[in-house]
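Letter by letter, the chains look like this.
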Amino acid sequence: MDPRTIGVLGGGQLGRMLVEAASRLNIDVVILDKPSDAPAKQIQATKSHIDGDFKDPDRIRELAQKSDILTIEIEHVNADILEILSRENVVIHPSPLTIRLIQDKYVQKTHLSKNHIPVVDFLEVLSRQELMDAASKFGYPFMLKSKTLAYDGRGNYVVRSADDIEEALKSLGNYEKPLYAERWAPFVKELAVMVVRRANGEVKSYPVVETVHRENICHLVIAPAQINGLVLASAKDMAERAIRTLEGAGVFGVEMFLMSDGSIYVNEIAPRPHNSGHYTIEACETSQYENHLRSILDIPLGSTELKVSAAAMINILGKSGDFEECLRPCTKALATPGATIHLYGKKECRKGRKMGHITTVADSIYQLFERIGPIIKVIDEDDSSIPRTTIQPLVGIIMGSDSDLPTMKTCAEMLESFDVPFELSIVSAHRTPLRMVEYAKNAHKRGIKVIVAGAGGAAHLPGMVAALTPLPVIGVPVKGKTLDGVDSLYSIVQMPRGVPVATVAINNSMNAGLLAVRQLGAFIPSYLEKMEQFMEEQENEVLAKVGRLEEVERVFTICGIGTDVLDLKNGFNITASSKFISS
Ligand code: ADP
Ligand code: MG
C-alpha cells in the first residue's frame, strides 16, 4: 500500500473512522488535536500524534513535517497557515482555498449562487437596518445565521416574528460574529449526498440520503432517500456540480433541501467526511473514509454504490451527563439483525454531544423500519423521528379507466398485506397515449420494479407498456360491460415474440399482486419469506376445509344416509374450492 503518511487536523469521531479505514490499508495517520486521548488518537498505535490546537501555526507546521499529505476532519481550522504551507509545496487536501471559502457560509452561498447552484435567498446582515431589510424582504419566519464557526445548529436562530429579533441578536453575539439572513425554506425533506473528488479531478457521488434533524442536530439518516428516482438523479447531479466548482481532493458532504414541487436547494457543503455518510461504512462498496484516503492519495476511487437495499444511521446523542443512558439503544442494537454499533470513546457525555452511532442495514425499506423502530423507541419515547410519510413505491398499478378500479383494488389490497409500497394510477393507452409513454419510459428510473396493468375491451395498455419499459409487466384482463372478458384476455395474452406480458386470469388482480410480490421476492428475501408464510396459511386454510368436510361425511355416515353421502360430499367439495378461488 501507499507508504505516505497522512496528517489530520482534528481528532474527533470523523478522524477516528478515517484512522480505522487507514489501518486496514496500512497507512499511517498522525492526528493533531489538543486532548491526548482524542477519539482518533485512541485507536492507532502510533507515538507520532501531536497534542495541540489545530489552529496553532507551530503545531500545524510540526504536523506537516511528520506527514506527506495534510487533510482535515473539521473545517474550523487555521486556513491562513494552511495557505502559507501550500505555497511552500506542502500537499493539502482539500485545498486551503476551498476550506477558507466553506468556512464562511455567506461566502460559500455567494460562490454557489455565482456558479448557478440553486440556494435559498440570502442577505448579508451587518447592522440592525440590514436585519430589518432582510425581515421585510423574506417575511417571517426567516433564518439568522452566523457566517462562521457554526455547527449542529449552533450559530442559527429562527426569527419567527419581530419580537424575536433582540433574542436572536443576543444569542448570535450581537454582530461580534458576522451574520447573514436566509429565506425560510419550507422543505419537505432534507437530503444529503457525499461526493468524492480525486486529486486528478475524477468525481463520484454516493446515493442520495434523507436526513432527519431535530433541534438542528441530525438524528437519523435513511439511505436511499425515499423520493422519486428522477429527483434523486437531479440531487446527485446538483451535488456533483457543486463540488466541481471547488478546488482540491477529498470527500465532501452536500446538504440539500427538497421542496414540495420537487425543486432542490443546496443548504451547505462540508469539505470532509460527514455525519450523513457514516452509513457508507456498512452499506456501500467503499466507505466515505476509505474514498477520502484514496482521493487525497490520488489512487483509484472505490465504487460508491450501495451493497444493501436500505440502510439507516441513528446518532447516539448525549442526553445528560449520563453515559449509561446513551448505551441503552446500543443494547437494543445488539439484538437487532443488521445493526452495527460505533462508539467514539468520548470521555465526557453532554446533552446533544455525538457519542456514537448505529448503522442498520436491511433488504427492503420496510424491513429497515421494522429493525430500527425498536432502537428509536428507546431513544425517544415515541417514533417521531421515523419519516413514515413517504416511502417510494416498488409496484406501479395502472389501469385504463376508473371503471377498472373495483377489479384492480384487490391487487392493491394484496400488496398492502405484504407491506409492498405501491402507487395506483389511471393511464390509458387510447385516451392518454403520451402519458402512457412517459409513465412506461420513466417508471424504472423513478424506482418502480414491477408494473401491473389492468385493461378491459381492446386492452392494449399492458402490451404497449411492456413495449416501452424494461420492467416486468403483469396484465390483468378486466371483464367489460358488453363481452365476457375473454376479448381482453386474448388481447393481453397474444403478445408478439420479444414483448412479454405475464397475463393472469380474467379479473384476477389478486394473482397479479401475488405475482408482483414473488418477483420482488426474487431479490428482496423478506418478501420471499412472507410469500412462504402466505402459502402456508393458504394451505392450512384448505386443510381446515378438508377437515370440516370429513367431519360432515362422518356425521352423515353415522346417521346412516349411506350412498347419498358421496354426492353430498362431492357437492360440498365443489362449493368449497370454488369459494376459495373467488374469495
Ligand atoms: P449547521 O452548520 O449547524 O449544520 P445549517 O445551516 O445546516 O447549520 O442548519 C442546520 C439545520 O437548520 C438544517 O439542517 C435545517 O434543518 C435547518 N435550516 C437551516 N437553514 C434553513 C432555512 N433557510 N430554512 C429552513 N430551515 C433551515
Ligand atoms: Mg448543516
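All values derive from a computational prediction rather than experimental measurement.

*Asks:* It is not clear to me how the overall build of the chain should be interpreted in this structure. Could you clarify?
*Replies:* Looking only at helices and strands, the chain features 19 helices and 23 strands. In terms of its C-alpha atoms, the chain occupies a principal-axis envelope of roughly 105 × 55 × 50 Å. Residue burial in the chain is summarised as follows: out of 583 residues, 52% are buried. Put simply, 63% of the contacts in the chain that link residues at least 6 apart link residues at least 24 apart. Approximately 26,500 Å² of the chain is accessible, and the part contributed by carbon and sulfur atoms is 53%. For the chain, the centre of its 64 positive side-chain charges and the centre of its 73 negative side-chain charges are spaced 2 Å apart.

*Asks:* Whenever I open this one, the nonpolar core confuses me. Can you help?
*Replies:* Where a protein is soluble and globular, its nonpolar side chains tend to be buried together. Residues Leu-191, Val-254, Met-256, Val-266 and Ile-269 are the most contacted members of the largest nonpolar core, which totals 29 residues. Among the secondary structure elements, those contributing two or more residues to this core are helix H4 (96-103), strand S10 (189-197), helix H8 (229-244), strand S14 (250-258) and strand S15 (264-270). The greatest single-element share of this core, amounting to 7 residues, is contributed by H8. Discounting chain neighbours no more than four positions away, the residues touching Met-256 are Lys-189, Glu-190, Leu-191, Val-193, Ala-235, Met-238, Ala-239, Ile-264, Tyr-265, Val-266 and Asn-267.

*Asks:* I keep staring at a negative patch on the surface and nothing clicks. Help me out?
*Replies:* On the surface, Glu-529, Glu-532, Glu-536, Glu-537, Glu-539 and Glu-541 cluster together into a patch of negative charge. If you trace the backbone, Glu-537 turns up in helix H18 (residues 525-558).

*Asks:* It is not clear to me how the UniProt feature "domain: ATP-grasp" (unreviewed entry) in the chain should be interpreted in this structure. Could you clarify?
*Replies:* Sites flagged by UniProt as "domain: ATP-grasp" (unreviewed entry) map to residues 109-297. Taken end to end, residues 109-297 is 29% helix and 31% strand, and its two terminal C-alpha atoms sit 29 Å from one another.

*Asks:* In this structure, what is going on with unusual backbone geometry? I would like to understand it.
*Replies:* For residues besides glycine, phi is generally negative; the peptide bonds are generally trans as well. A cis amide bond links His-93 to the next residue, Pro-94, at an omega of -5°. Within the element layout of this structure, Pro-94 appears in the loop between strand S5 (91-92) and H4. A cis amide bond links Ala-223 with the next residue in sequence, Pro-224, at an omega value of -5°. Relative to the helices and strands, Pro-224 resides in the loop between strand S13 (217-223) and H8. One non-glycine residue, Asn-26, lies in the positive phi region at around 60°. Its identity as a non-glycine residue notwithstanding, Asn-216 has a phi of 70°, on the positive side. Within the secondary structure, Asn-216 is located in the loop between strand S12 (209-214) and S13.

*Asks:* In this structure, what is going on with the environment of Arg-497? I would like to understand it.
*Replies:* Summarising the element assignment, Arg-497 is placed in the loop between helix H16 (486-493) and strand S23 (502-503). Residue classification places Arg-497 among the exposed positions, given a relative accessible area of 86%. For the pair Arg-497 and Pro-300, spaced 197 residues apart in sequence, the C-alpha to C-alpha distance is 44 Å.

*Asks:* Whenever I open this one, the site of ligand 1 confuses me. Can you help?
*Replies:* Around ligand 1 there are 20 residues in total, and Lys-145, Gly-153, Glu-190, Asn-216 and Glu-268 lie nearest to it. Take Glu-255: an N or O atom from its side chain is 3.1 Å from an oxygen atom of ligand 1. Contact distances for ligand 1 include 2.8 Å between an oxygen atom and a side-chain N or O atom of Asn-267. Protein burial of ligand 1: of its 550 Å² of free accessible surface, 94% is covered by the chains. Across the shell around ligand 1, the residue classes break down as 7 nonpolar, 5 polar and 8 charged. Residue assignment places the shell around ligand 1 across two domains, with domain 2 (121-183) and domain 3 (198-379) each supplying three or more.

*Asks:* Would you explain the sheet that holds strand S6 (residues 122-125) in this entry?
*Replies:* Strand pairing within a sheet occurs via backbone hydrogen bonds; the two strands may be parallel or antiparallel. Read from one edge of the open sheet, 4 strands run S6-S9-S7-S8, paired in antiparallel fashion. Two strands lie at the open edges of the sheet, namely S6 and strand S8 (156-159), each paired on one side alone. On average, each strand axis in the sheet is tilted by 25° relative to the strand beside it, whichever way the strands run. By the bridge criterion, 5 bridges tie strand S7 (residues 142-146) to strand S9 (residues 179-183) in an arrangement that is antiparallel. Counterpart to Leu-144 in the pairing with S9 is Ala-181.

Parameters and conventions
Think of each chain on its own: its residues are numbered from 1, step by step along the sequence as written. Each chain gets a letter, beginning with A, and each ligand a number, beginning with 1, in the order they are written. Only residues with pLDDT of 70 or above have their local features reported here, since the model is predicted, and side-chain atom pairs are shown and tallied only from 80 upward, although totals for entire chains, interfaces and linings are computed over all residues. Side-chain calculation: all heavy atoms of the structure are included, whereas hydrogens and water are not. The helix count covers DSSP runs of H or I at least four residues long, the strand count covers runs of E at least two residues long, and both are numbered beginning at the N terminus. When a residue's accessible area, from a 1.4 Å probe over protein chains only, is under 20% of the maximum for its type it is buried; when over 50% it is exposed; and in between it is partly exposed. We call two residues contacting when some pair of their heavy atoms lies within 4.5 Å. All accessible areas in this document rest on Shrake-Rupley with a 1.4 Å probe, and a residue is counted as covered only by the protein chains that are shown. The charged-residue count follows a simple rule in which Lys and Arg add positive charge and Asp and Glu add negative charge, with His and chain termini not counted at all. Charge coordinates come from a single atom per side chain, which is NZ of Lys, CZ of Arg, CG of Asp or CD of Glu. Residues grouped as a nonpolar core are buried Ala, Val, Leu, Ile, Met, Phe, Trp, Tyr and Cys residues, joined through side-chain atoms within 4.5 Å. Patch criteria: residues need more than 30% relative accessible area and no salt bridge. Like-charged residues are merged within 9 Å; nonpolar side chains of Val, Leu, Ile, Met, Phe, Trp and Tyr are merged within 5 Å. In what follows, salt bridge is the name for a side-chain nitrogen of Lys or Arg lying within 4 Å of a carboxyl oxygen of Asp or Glu. UniProt positions are given in the numbering used here, feature names are shortened, and annotations may be inferred rather than shown by experiment. We call a residue near a molecule or strand as soon as one heavy atom of that residue lies within 4 Å of the molecule or strand. Pairs of N or O atoms within 3.5 Å make up the polar contacts considered here, provided that, within protein, one atom can donate a hydrogen while the other can accept it, and that residues adjacent in sequence are counted only when both atoms are side-chain atoms. When residues are sorted by character, Ala, Val, Leu, Ile, Met, Phe, Trp, Tyr, Cys and Pro go into the nonpolar class, Asp, Glu, Lys and Arg into the charged class, and all the rest, Gly among them, into the polar class. All domain edges in this entry derive from an automatic or database-based domain assignment. The pairing criterion for strands is at least two bridges between them, as found by DSSP. To obtain each axis, a line is fitted to C-alpha atoms, and for helices this fit is confined to the stretch in contact; angles are then taken between N-to-C directions over 0 to 180 degrees.

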